[in-house]
Amino acid sequence: MADQQQAVRSANIDRKTNETNIQLSFNVDGTGTSQLETDVPFLNHMLDLFTKHGQFDLKVTANGDIDIDDHHTVEDIGICLGATLREALGDKRGIKRYASVFIPMDEALAQVVIDVSNRPHFEYRAEYPSAQVGSFTTELVQEFLWKFALEARITLHVIVHYGQNTHHMIEAIFKALGRALDEATSIDPRVKGVPSTKGVL
């Protein structure tokens, strides 16, 4: 099991389309360090929170067709992050697999529940007071999280129980996502093989 703890769990991806050009590297067992250069400042802020509170290392360089809107850039970063997580975890031997985390951000309370299951599924319960945070469209939070869950092949439930400030509500989601993913992917020395009666995840 010690070998599992010492194994490097990281991955890189380059993804170039007619809409975006993204280079992303992700280290599950990091130190909370982020290097983020995207055309979407609010997403940079959220990814920085996700990285810090999950104790990951994340580097993203992304350029996209933001002259149209932020949709493609946000969506494709979610795709890339999910793909690198899936690759970094490999056969998932020894992981805890599940996590449920509540995070308050002032008046807002968000919950993220994760099963690193190899079965992509996404449930989202959030109603925001405003459709924009600065220039960022709040519907893109759902788009990012869904594509992340799909490519990572995880079951992801995100619930914002309440809140009055849209920024606080989204911030609580990304902090909870980091903490929950850190817990679900952490190595449990009691786990022999993969945590499934099927013998595979």
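Above this text sits the structure in question.
Residues numbered from 1 in each chain as written. Predicted model: local features only at pLDDT ≥ 70, side-chain atom pairs only at ≥ 80, totals over all residues. Heavy atoms only, no water.

Comments concerning the overall build of the chain
Item 1. Across its full length, the chain carries five helices and ten strands.
Item 2. In terms of C-alpha radius of gyration, the chain reaches 16 Å, essentially the compact-globule figure of 17 Å for 201 residues.
Item 3. Referenced to the eigenvectors of the C-alpha coordinate spread, the extents of the chain come out at roughly 50 × 40 × 30 Å.
Item 4. Residues counted as buried form 52% of the 201 residues belonging to the chain.
Item 5. Long-range contacts, defined as pairs at least 24 residues apart, comprise 77% of the intrachain contacts of the chain with a sequence gap of at least 6.
Item 6. Surface exposure of the chain reaches about 9,400 Å², of which carbon and sulfur atoms provide 46%. (Helix = DSSP H or I, 4+ residues; strand = E, 2+ residues; numbered from the N terminus. Rg over C-alpha atoms; globule rule 2.2 N^0.38 Å. Buried < 20%, exposed > 50% of the residue type's maximum accessible area, 1.4 Å probe, protein only. Contact = heavy atoms within 4.5 Å. Areas by Shrake-Rupley, 256 points an atom, 1.4 Å probe, with all protein chains shown as cover.)

So, the pattern of salt bridges
Item 1. The final tally for this structure, using the stated rule, is nine salt bridges.
Item 2. With a shortest N-O distance of 2.8 Å, Asp 188 and Arg 190 are connected by a salt bridge.
Item 3. Among the residues examined, Arg 190 registers a relative accessible area of 69% and is labelled exposed.
Item 4. Connected through shared salt-bridge partners, Glu 75, Glu 143 and Lys 147 make up one network. (Salt bridge = Lys/Arg side-chain N within 4 Å of Asp/Glu carboxyl O.)

Notes on the environment of His 168
Item 1. Tracing the backbone through its elements, the reader meets His 168 in helix α5 (residues 166-185).
Item 2. Residue classification places His 168 among the buried positions, given a relative accessible area of 17%.
Item 3. Spatially, the C-alpha atom of His 168 lies 6.1 Å from that of Ala 108, the residues being 60 residues apart in sequence.
Item 4. For His 168, the residues in contact, after removing those within four places along its chain, are Met 105, Asp 106, Glu 107 and Ala 108.

Side note on the packing of helix α4 (residues 139-152) against α5
Item 1. Running from N to C, α4 and α5 point in directions that differ by 15°, and their axes come no closer than 12 Å. Accordingly, the angle class assigned to the pair α4 and α5 is roughly parallel. Our pair here, α4 against α5, has a crossing hand that is left-handed. Packed against α4, whose contacting residues are Val 141, Phe 144, Leu 145 and Phe 148, the element α5 presents Ile 170, Ile 173, Phe 174, Leu 177 and Leu 181 at the interface. (Axes fitted to C-alpha atoms, helices over the stretch in contact; angles between N-to-C directions. Parallel < 35°, antiparallel > 145°, perpendicular 65-115°, else oblique. Left-handed = near helix turned anticlockwise from the far one by under 90°.)

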